[in-house]
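Structural features, examined
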Amino acid sequence: MEIIGNAVLIVVDIQGGGVPEAESRTEIPHMGGRSERVARVENLIGDCRAKGVPVVFIQEVHKPSLVDIGRELDGVEGPHCVEGWPETELAPHIRPRPEEFLIRKRRYSAFFGTELEIVLKAHRAQTVLLIGGLTDVCIHYTAVDAHQHDYHVKVLTDCVGGSSQRAHDAALEAVRYLQRDALVTSEEVTAWLDAREPVAEL
């Protein structure tokens, strides 16, 4: 696996706030396997921090009136990511540090109407590593926008989950259509990180 230039890990919409799935008001379908992805995501974030790869966190949030939700209710999804709901908060295993960026968005793409591009330029990023969900929605839209902003895109296939397995697979294929080397695994990224010199603690 080749990483070109500086890389930034973008953690997309890993939310839920610790609210049990059966009690969550968020009306978004999703494929299984989230619990298996938790450890991989935690380890990856820790490894990136240790090796000096910036981590940027993305959180989708909407006003309770849903005035800012746009066309997001025109499809399968019901109300979701409502400001003030505990389940809108980041998942318990996602803990941004004070020096890291937490970017809130109101559309599927992490680029649309946010400061992400400014943050990536500040880190002199050339490659973005994408994890989180949903593969066929926010990951796909963010990957497409990253591609059109001329970033190299790496989607970690075992650290993303879709609205269904079929949608997940189709979205990954669509991303690979844009960039032939875009699909990687957490094991490949970890091996790349292991080859980097560790960054001294400040």
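Below: a short report on this structure. (Residues numbered from 1 in each chain as written. Predicted model: local features only at pLDDT ≥ 70, side-chain atom pairs only at ≥ 80, totals over all residues. Heavy atoms only, no water.)

It is worth spelling out the overall build of the chain at this point. Of the regular secondary structure elements, the chain holds five helices and six strands. Listing every helix and strand of the chain by position from the N terminus yields β-α-β-β-α-β-α-β-α-β-α. Over its C-alpha trace the chain gives a radius of gyration of 16 Å, about what one expects of a compact globule, namely 17 Å for 202 residues. Overall size of the chain, expressed as C-alpha extent along the three principal axes, is 45 × 40 × 30 Å. By the burial criterion, 46% of the 202 residues in the chain qualify as buried. Across the chain, the 21 positively charged side chains and the 32 negatively charged ones have centroids separated by 3 Å. (Helix = DSSP H or I, 4+ residues; strand = E, 2+ residues; numbered from the N terminus. Rg over C-alpha atoms; globule rule 2.2 N^0.38 Å. Buried < 20%, exposed > 50% of the residue type's maximum accessible area, 1.4 Å probe, protein only. Lys, Arg positive; Asp, Glu negative; His and termini not counted. Charge placed at Lys NZ, Arg CZ, Asp CG, Glu CD.)

Within the secondary structure layout, aspartate 145 lies in helix α3 (residues 135–148). In this structure, aspartate 145 is buried with no salt-bridge partner, the nearest side chain bearing the opposite charge being lysine 105 at 10.0 Å. Setting aside residues no more than four positions away along its own chain, aspartate 145 makes contact with Ser109, Phe111 and Phe112. (Salt bridge = Lys/Arg side-chain N within 4 Å of Asp/Glu carboxyl O. Contact = heavy atoms within 4.5 Å.)

Pairing is parallel in the open sheet, where six strands are placed in the order β3-β2-β1-β4-β5-β6. A strand with exactly one partner marks an edge of an open sheet, and here the two such strands are β3 (101–105) and β6 (183–184). On top of the sheet, helix α4 (residues 165–178) reaches β5 (152–161) and β6; it is set at about 170 degrees to β5, its chief contact. Contacts from helix α5 (residues 186–194) reach β1 (6–12), β4 (125–133), β5 and β6 within the one sheet, and its direction differs from that of β5 by about 125 degrees. (Pairing = 2+ DSSP bridges. Axes fitted to C-alpha atoms, helices over the stretch in contact; angles between N-to-C directions.)

The space that makes up the largest pocket amounts to roughly 820 Å³. Counting only elements with at least two residues in the lining of the largest pocket, the list comes to α1 (34–50), β4, α3 and β5. A per-element tally of the lining of the largest pocket places α1 first, with four residues. Its residues placed into classes, the lining of the largest pocket shows 17 nonpolar, 13 polar and seven charged. (1 Å grid on protein atoms, 1.4 Å probe; cavity = no way out; pocket = protein on both sides within 12 Å on 5 of 7 lines; lining within 4 Å. Points joined across faces, edges and corners; volume = space filled by probe spheres on them. Nonpolar A, V, L, I, M, F, W, Y, C, P; charged D, E, K, R; others polar.)

With six of six residues buried, strand β2 (residues 55–60) is to be regarded as a mostly interior element. Note that β1 and β2 share four bridges and pair parallel. Following the sheet pairing, isoleucine 10 is matched in β2 by valine 56. As paired elements, β2 and β3 share five bridges and run parallel to each other.

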